[in-house]
Amino acid sequence: MRIGELAAAVGVTTRAVRHYHHLGLLPEPERRANGYRDYTLRHAVVLARIRRLTELGLGLAEVRDVLADEAGKDLVEVLTELDEDLARQEAAIRDRRARLRALLETEGGPSAEGPLSPELAALFREMAQVTDSPMAAKDREMLALIETTASPKERKRFTELLGGALSAPGAKERALRAYALLDALADASVDDPRVDEAAHALAACLPAGLLPEGVGIDQDSSFLRAFYADFAPAQAEAIRRTLRIAAEGEQS
């Protein structure tokens, strides 16, 4: 048989046959006097086995291991490992689909900052009822970042603290005032007297225990430098003061 006839008989492409030759999976046949390869039934049997193994999901390196063992002693082991790997993938896909369903079924649909956990999505809906200010939008982006990078335990603690604080009496009014003060600093100088007012207003919105230990003290961290760079100078200064106030409150 020529290469095209072999490929057609097994149901693969001639390019695949040449690739298997290159990888050493399929032995090179002898050539006729005219230079054409002369494939035998044995080549078709091996090629068919390669196709069956790859269709099961084995990688070509794994196929080589199976073919190298003439007795097929490790085939069961290889297939068992493949089955276990597929089971893990199946479980991961089920988990991802469950998370997607939770997002799609969230009241009002996924938020602009999403995808988010149902807890933080609910918190954002509460925040949206407070104000649609630019500073509030930045706040939601930062909360989404924290949720992404925090551990599940810390994420739960974080959302519970914020949710409790926002539902406290007068909390929405305090948040509305703080955001309005911060928005008004967009074009202000860092020595504007409203900077200190905004800092104290924002600090009054933060629940006790919200800030991780050390935040507000290490003001020179690379993360905080990048964080402040996203705000106007006066707004960044107000947030710096807020963190100092909150840190002092945690230590007192």
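Definitions and cut-offs
Residues numbered from 1 in each chain as written. Predicted model: local features only at pLDDT ≥ 70, side-chain atom pairs only at ≥ 80, totals over all residues. Heavy atoms only, no water. Helix = DSSP H or I, 4+ residues; strand = E, 2+ residues; numbered from the N terminus. Buried < 20%, exposed > 50% of the residue type's maximum accessible area, 1.4 Å probe, protein only. Salt bridge = Lys/Arg side-chain N within 4 Å of Asp/Glu carboxyl O. pLDDT = per-residue confidence, 0-100. Core = buried A, V, L, I, M, F, W, Y, C linked by side-chain atoms within 4.5 Å.

1. Quick look at the overall build of the protein
Turning to step 1, where the next piece is worked out: Regarding its fold elements, the protein presents 12 helices and zero strands.
Turning to step 2, where the next piece is worked out: N-terminal to C-terminal, the α/β element order of the protein is α-α-α-α-α-α-α-α-α-α-α-α.
Turning to step 3, where the next piece is worked out: Residue burial in the protein is summarised as follows: out of 252 residues, 34% are buried.

2. Looking at the pattern of salt bridges
Turning to step 1, where the next piece is worked out: Summed over the entire model, instances satisfying the criterion amount to 11 salt bridges.
Turning to step 2, where the next piece is worked out: A salt bridge links Arg51 to Glu55, with the shortest nitrogen-to-oxygen separation between them at 2.8 Å. With Arg51 and Glu55 both in helix α3 (residues 41-55) and four residues apart, this pair spans about one turn of that helix.
Turning to step 3, where the next piece is worked out: Note that Lys138 and Asp230 form a salt bridge whose closest N and O atoms lie 3.1 Å from each other. Residue Lys138 is found in helix α7 (residues 134-149), and its partner Asp230 is found in the loop between α11 (222-228) and α12 (233-251); the two are separated by 92 residues along the sequence.
Turning to step 4, where the next piece is worked out: Judged by its relative accessible area of 26%, Lys138 falls in the partly exposed class.
Turning to step 5, where the next piece is worked out: Overlapping salt bridges, with partners in common, bring together Asp196, Glu237, Arg240 and Arg241 in one network.

3. Description of the confidence of the model for the protein
Any residue range with low pLDDT should be treated as having predicted coordinates unsuitable for detailed reading.
Turning to step 1, where the next piece is worked out: Per-residue pLDDT for the protein has a mean of 79; in total, 77% of the residues score no lower than 70.
Turning to step 2, where the next piece is worked out: Per-element confidence in the protein is highest for helix α10 (residues 194-203), whose mean pLDDT is 94, and lowest for helix α6 (residues 118-130), whose mean pLDDT is 64.

4. What to know about the nonpolar core
Turning to step 1, where the next piece is worked out: Leu182, Leu185, Phe227 and Tyr228 are the most contacted members of the largest nonpolar core, which has 23 residues in total.
Turning to step 2, where the next piece is worked out: Secondary-structure elements contributing two or more residues to this core are α7, α9 (171-184), α10, α11 and α12.

5. Some remarks on the environment of Ala246
Turning to step 1, where the next piece is worked out: The residue Ala246 is located in helix α12 in this model.
Turning to step 2, where the next piece is worked out: Among the residues examined, Ala246 registers a relative accessible area of 16% and is labelled buried.
Turning to step 3, where the next piece is worked out: In this structure, the C-alpha to C-alpha distance between Ala246 and Ala203, residues 43 residues apart in sequence, is 6.1 Å.

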